[in-house]
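Residue strings, one per chain:
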Amino acid sequence: MVIASGFIEANDSTDVENVIAELKMRNIEVNEVNNAKIIFLIERETIAQIKNDFEPLKDLNGVRNVHLAYYSVEGADEESPIP
């Protein structure tokens with residue numbers, strides 16, 4: 001499982017509700033809204049799926065900018081056994 005989080009800057013506060021509705025239709029979780037900033041979380045099976053869902057966000061109506069804060073891959077922090 002790959003998890004990515006970041007925030008979207010809406011053009012102004014009147015665009016926030018429309019952007020949130022669009023995120024929910026795309027199965028992207030909205031964690032918090034602070035003025036015109038929307039914090040989101042995407043959970044997908046692969047990095048490619050994250051990329052496919054993340055990149056089009058900048059083209060949503062009412063979006064000024066999209067920022068990726070972090071992503072993590074399940075098991076990436078586990079040590080591999082030494083043969």
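Above this note sits the structure.
Residues numbered from 1 in each chain as written. Predicted model: local features only at pLDDT ≥ 70, side-chain atom pairs only at ≥ 80, totals over all residues. Heavy atoms only, no water.

What follows is about the nonpolar core. Core analysis: the largest hydrophobic core is formed by 19 residues, its most contacted members being Ile-8, Leu-23, Ile-38, Phe-40, Leu-57 and Val-66. For this core, the secondary structure elements donating two or more residues are strand 1 (2-10), helix 1 (16-25), strand 3 (37-44), helix 2 (47-54) and strand 4 (63-73). (Core = buried A, V, L, I, M, F, W, Y, C linked by side-chain atoms within 4.5 Å. Buried < 20%, exposed > 50% of the residue type's maximum accessible area, 1.4 Å probe, protein only. Helix = DSSP H or I, 4+ residues; strand = E, 2+ residues; numbered from the N terminus.)

Here we come to the pairing of strand 1. When you tally the buried positions in strand 1, you get seven out of nine residues, the bulk of the element. Sheet topology note: the strand 1/strand 3 ladder contains eight bridges and is antiparallel. Residue pairing across strands places Ala-4 opposite Ile-42, the latter belonging to strand 3. Here nine bridges tie strand 1 to strand 4, and the two strands are oriented antiparallel to one another. Counted as the bridge partner of Ile-3 is Ser-72 from strand 4. (Pairing = 2+ DSSP bridges.)

One pair of aromatic rings is described through two measures. These are the centre distance and the angle between the planes. For the structure on display, the rule yields one aromatic pair. Here the aromatic rings of Phe-40 and Phe-54 are separated by 6.3 Å at their centres, their planes lie at 40°, and the arrangement is tilted. With a gap of 14 residues between them, Phe-40 in strand 3 and Phe-54 in helix 2 connect regions that are remote in the sequence. Assigned by exposure class, Phe-40 and Phe-54 land together as buried. (Phe/Tyr/Trp six-rings, centres within 6.5 Å; stacked < 30°, edge-to-face > 60°.)

This part takes up unusual backbone geometry. Notably, Asn-27 is not glycine yet its phi reads approximately 60°, a positive angle. Looking at where Asn-27 falls in the secondary structure, it is placed in the loop between helix 1 and strand 2 (29-34). For Asn-27, a relative accessible area of 62% puts it in the exposed group. Although it is not a glycine, Asn-35 adopts a positive phi angle of roughly 60°. The residue Asn-35 is located in the loop between strand 2 and strand 3 in this model.

Scanning the model with the defined rule gives three salt bridges in all. Among the salt bridges present, the one from Asp-53 reaches Arg-44, with a minimum N-O distance of 2.5 Å. For Asp-53, a relative accessible area of 24% gives the class partly exposed. In this structure, Asp-59 and Lys-58 form a salt bridge, with 3.9 Å as the shortest nitrogen-oxygen distance. You can call Asp-59 exposed: its relative accessible area is 61%. (Salt bridge = Lys/Arg side-chain N within 4 Å of Asp/Glu carboxyl O.)

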